[in-house]
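One letter stands for each residue in the lines below.
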Amino acid sequence: MQLGKLLGIIGIILISVFLLVAIRNYFSNSQITNNIVKEVDAGAKNNGEEQIVDLSVKNYNYYPNTINLKYNVPAKIVVDTNKVRGCLQSIVIPDFGVRKFVTAKDNIISFVPDKKGTFSFSCSMGMGFGKIVVS
Ligand SMILES: [Cu+2]
């Protein structure tokens, strides 16, 4: 009678532990699966790579004046709005469909350089200008 009770309690403990482990494995497995899916998604587009370029001003024009980018790697141009002022804040890159007025709070221009070659960028009035070389 006592032994039966004891075995019953041990049985319940064993089942509980088994269930806990099973539940934990289930959740950690689904997390791993999610991560793999995310990596595959990113890989299809760009291997998770990105390129970051800082854009400032020198001699009343954009600096660097020629921006070199890798083909098909998402680009982020981080604009230093302490230097890039006034109409130079209105940046246009026609070949990549970019037209943006950058501010201190919103100073990143993102696009994918999906064409190879040399392209121009400028302020919307064409007073400041430069080149983007994608290779
Ligand atoms: Cu301008």
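What you see is a predicted model; the values in this text were computed from it and never measured. Per-chain numbering applies: the sequence of each chain, read as written, is numbered from 1 onward. Predicted model: local features are reported for residues with pLDDT of at least 70 only, side-chain atom pairs are reported and counted for 80 or more only, and whole-chain, interface and lining totals are derived from all residues. Values shown for side chains rest on all heavy atoms present in the structure; no hydrogens or waters enter the calculation.

## Regarding the overall build of the chain
Part 1 of the argument: Secondary structure elements are taken from DSSP: a helix is a run of H or I of four residues or more, a strand is a run of E of two residues or more, and numbering for both begins at the N terminus. Looking only at helices and strands, the chain has one helix and nine strands in total.
Part 2 of the argument: Shown N-terminal to C-terminal, the secondary structure of the chain runs as helices and strands in the order α-β-β-β-β-β-β-β-β-β.
Part 3 of the argument: Under the scheme applied here, a residue whose accessible area is under 20% of the maximum for its type counts as buried, over 50% as exposed, and between as partly exposed, the area being computed with a 1.4 Å probe on protein chains only. Across the 135 residues in the chain, those meeting the buried criterion constitute 27%.
Part 4 of the argument: Excluding contacts between residues fewer than 6 apart, the proportion of contacts in the chain whose partners are at least 24 apart in sequence is 57%.
Part 5 of the argument: Using a 1.4 Å probe, the Shrake-Rupley method yields the accessible areas, and only the shown protein chains count as cover for residues. Here the chain has roughly 9500 Å² of accessible surface; of this, 60% comes from carbon and sulfur atoms. We call two residues contacting when some pair of their heavy atoms lies within 4.5 Å.

## Considerations on the coordination of the copper ion
Part 1 of the argument: Water is absent from the atoms considered, so a metal site may look incomplete; donors are defined as N, O and S atoms within 2.8 Å of the metal, or 3.2 Å for Na, K and Ca. Summarising the metal site, the copper ion is bound by the protein donors Cys87 (SG) and Cys123 (SG), whose distances to it range over 2.1 to 2.2 Å. Within this pair, whereas Cys87 is found in the loop between β4 (75-79) and β5 (90-93), its partner Cys123 is found in strand β8 (residues 117-123), the two being separated by 36 residues in sequence.

## Considerations on the sheet that holds β4
Part 1 of the argument: Strand pairing follows a simple DSSP-based rule, namely that at least 2 bridges must link the two strands. Pairing is mixed across the open sheet formed by four strands, whose spatial order is β2-β1-β4-β7. Edge positions in the open sheet fall to β2 (61-63) and β7 (108-111), since each of these has one partner strand only. Strand after strand, the sheet turns through a mean of 25° between neighbouring axes, direction not considered.
Part 2 of the argument: With three bridges connecting them, strand β1 (residues 51-58) and β2 associate as antiparallel partners. Looking across to β2, one finds that Val57 is bridged to Tyr62. Helix axes use the C-alpha atoms of the stretch in contact, all axes being lines fitted to C-alpha atoms, and the angles between their N-to-C directions lie in the range 0 to 180 degrees.

## Some details on the pairing of β1
Part 1 of the argument: As paired elements, β1 and β4 share five bridges and run parallel to each other. The partner of Asp54 across the bridge, within β4, is Val78.
Part 2 of the argument: With antiparallel pairing between neighbouring strands as the criterion, β1 and β2 make up a hairpin whose turn holds two residues, including Asn59 at a positive phi of roughly 50°.

## Structural notes on the pairing of β5
Part 1 of the argument: Residues Ser90 and Val92 line one face of β5 and the alternating positions Ile91 and Ile93 line the opposite face, and both faces are buried.
Part 2 of the argument: With four bridges connecting them, β5 and strand β6 (residues 98-101) associate as antiparallel partners. Across the sheet, Val92 pairs through a bridge with Arg99, a residue of β6.
Part 3 of the argument: Linkage of β5 to β6, two consecutive antiparallel strands, is achieved through a turn of four residues, within which Gly97 is found at a positive phi near 65°.
Part 4 of the argument: Of the strand pairs in this sheet, β5 and β8 are connected by two bridges, and their pairing is antiparallel. Within β8, the residue paired with Ile91 across the bridge is Cys123.

## Remarks on the nonpolar core
Part 1 of the argument: Among the buried residues, those of types Ala, Val, Leu, Ile, Met, Phe, Trp, Tyr and Cys that are joined through side-chain atoms within 4.5 Å form a nonpolar core. Judged by nonpolar contacts, the single largest core of 23 residues is most densely connected at Ile93, Ile109 and Phe111.
Part 2 of the argument: Elements with a minimum of two residues in this core: β1, β3 (66-69), β4, β5, β7, β8 and β9 (129-134).
Part 3 of the argument: The residues contacting Ile93, other than those within four sequence positions of it, are Ile77, Val98, Ile109, Phe111, Ser120, Phe121 and Ile132.

## Some words on the environment of Glu49
Part 1 of the argument: Positionally, Glu49 belongs in the loop between α1 (2-45) and β1.
Part 2 of the argument: Residue Glu49 is classed as partly exposed on the basis of its relative accessible area of 34%.
Part 3 of the argument: Glu49 sits 25 residues away from Pro74 along the chain, and the two C-alpha atoms are 7.2 Å apart.
Part 4 of the argument: If we skip the residues at most four places from it in the chain, Glu49 touches Lys70, Val73 and Pro74.
Part 5 of the argument: There is a polar contact of 3.2 Å between the side chain of Glu49 and the side chain of Lys70. Two N or O atoms count as a polar contact when they lie within 3.5 Å, although within protein this holds only if one can serve as hydrogen donor and the other as acceptor, and sequence-adjacent residues are included solely when both atoms are side-chain atoms.

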